[in-house]
Every structure is written in structure tokens, then in C-alpha cells.
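Each chain, written out:
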Amino acid sequence: MFVHFKHLNLHTDLVVLSTCETGIGQYQLGEGVLSIGRDFMAAGVPSMLSTLWSLNDDSRFIIIKQFYNHLKQGMEKDEAIRQAKLYYLKHYKRISAHPALWAFFVQFGDYSSIPMNTDNNTWLFISLTILLILLIIGFLIFRKRKA
């Protein structure tokens with residue numbers, strides 16, 4: 001089933017697609033590049049962070065963590081990803097500093113800062129509660145199959 005994003009009318013300030021090649025697509029004459037990012041923008045998302053090529057999981061984790069830290073400090077999105085990349089380059093040298101390992105993220109659309117909730121305790125509580133419920137259900141199913 002194909003989902004038409006333009007009918008979703010998403011209400012979010014930013015979509016982060018941090019998997020391989022999310023910013024590339026097929027070029028269509030008169031349309032430009034047709035990618036998943038374009039679909040999100042058609043659904044009303046004003047800003048995207050996506051990747052242009054295959055990425056390294058370790059460097060992706062470091063850069064995304066720094067990106068969100070900078071967003072929490074109130075930085076604009078383009079500056080937040082720039083500072084995250086600079087952080088990576090400052091802390092990782094030699095072969096780890098090769099652009100293939102850190103330059104894959106691109107931000108496009110609205111660059112303005114976004115309000116970030118820094119109170120993670122609520123989400124931590126909800127996540128742990130859901131995990132506990134799933135563990136109990138799994139245990140009960142396992143015990144029932146054993147009997």
C-alpha cells in the first residue's frame with residue numbers, strides 16, 4: 001500500500017531521517033529530485049535533516065546526539081548540524097575525520113530554532129512502563145507455552 005504523504009498534514013517542526021541515502025531520489029525533469037524528503041515537505045513538514053550517502057553508525061550516533069544537544073540550547077537547525085559536525089571533527093582525527101564519515105547530513109527547509117522539551121523524565125517513565133508491560137506479557141506467553 002502506497003501512502004500519499006501530502007494527505008497526512010503532519011504537524012511537526014522537523015523530521016530527522018538518519019538512515020542511509022534518505023536525501024537522494026530520482027531526478028524528474030521539471031520536478032527536481034523526488035525523494036522521501038520531498039514527500040514529507042508536501043505533508044507540511046517545514047524542515048528536514050537527511051543523508052546523502054551510506055553512513056557510519058558510530059559517527060551518525062555522535063553527530064545526531066550533538067545535533068539534538070545544540071537544538072536544546074536554542075540553536076537554529078543549520079547551525080546545530082554545523083556545530084555537531086565540528087564537534088565530531090574536533091574529537092575524531094585521522095581516518096575518522098574523512099568526510100565520508102561525517103558530512104552525510106544535510107538540512108534543508110526552515111532553519112529557525114525549535115522549542116525543545118528538556119524534561120526527559122516523563123518519556124523515560126513511559127518507555128520503561130511499556131517495556132515492563134511487554135516483558136510481563138512475554139513472560140506469561142512463555143510460561144503458558146511451557147505448561
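Residues numbered from 1 in each chain as written. Predicted model: local features only at pLDDT ≥ 70, side-chain atom pairs only at ≥ 80, totals over all residues. Heavy atoms only, no water.

### So, the pairing of strand β4 (residues 47-51)
Heads up, the condition is: Remark: exposure states derive from per-residue accessible area (1.4 Å probe, protein chains only) relative to the maximum for the residue type, with buried under 20%, exposed over 50%, and partly exposed in between. Labels follow the DSSP assignment, with helices taken as runs of H or I lasting at least four residues and strands as runs of E lasting at least two, numbered in each case from the N terminus. Paired strands, as defined in this entry, are two strands with at least two bridges between them according to DSSP.
For β4, the buried fraction is high: 5 of the 5 residues fall into the buried class. The side-chain alternation of β4 yields two buried faces, one formed by Ser 47, Leu 49 and Thr 51 and the other by Met 48 and Ser 50. Alignment of strand β1 (residues 15-16) against β4, held across 2 bridges, turns out to be parallel. When the sheet's bridge partners are listed, Val 15 is paired in β4 with Met 48.

### Focus: the nonpolar core
For clarity, the cut-off: Each nonpolar core is a collection of buried residues, namely Ala, Val, Leu, Ile, Met, Phe, Trp, Tyr and Cys, held together in the definition by side-chain atoms within 4.5 Å.
In this structure, Leu 49, Ile 63, Phe 67, Leu 71, Ile 81 and Phe 105 are the most contacted members of the largest nonpolar core, which totals 17 residues. Listing elements by their share of this core, those giving two or more residues are α2 (57-72) and α3 (77-91). When residues of this core are assigned to their parent elements, the largest contribution, 5 residues, is made by α2. With 5 residues, the next largest nonpolar core counts Val 15, Leu 17, Phe 40 and Met 48 among its residues.

### Quick word on the environment of Met 116
This is how the line gets drawn: Here, two residues are considered to be in contact whenever any of their heavy atoms come within 4.5 Å of each other.
Structurally, Met 116 is set in the loop between β5 (105-109) and α4 (121-146). You can call Met 116 partly exposed: its relative accessible area is 27%. Taking the C-alpha atoms as reference points, Met 116 and Lys 72, separated by 44 residues in sequence, lie 5.4 Å from one another. Leave out the neighbours within four places in its chain, and Met 116 touches Tyr 68, Leu 71 and Lys 72.

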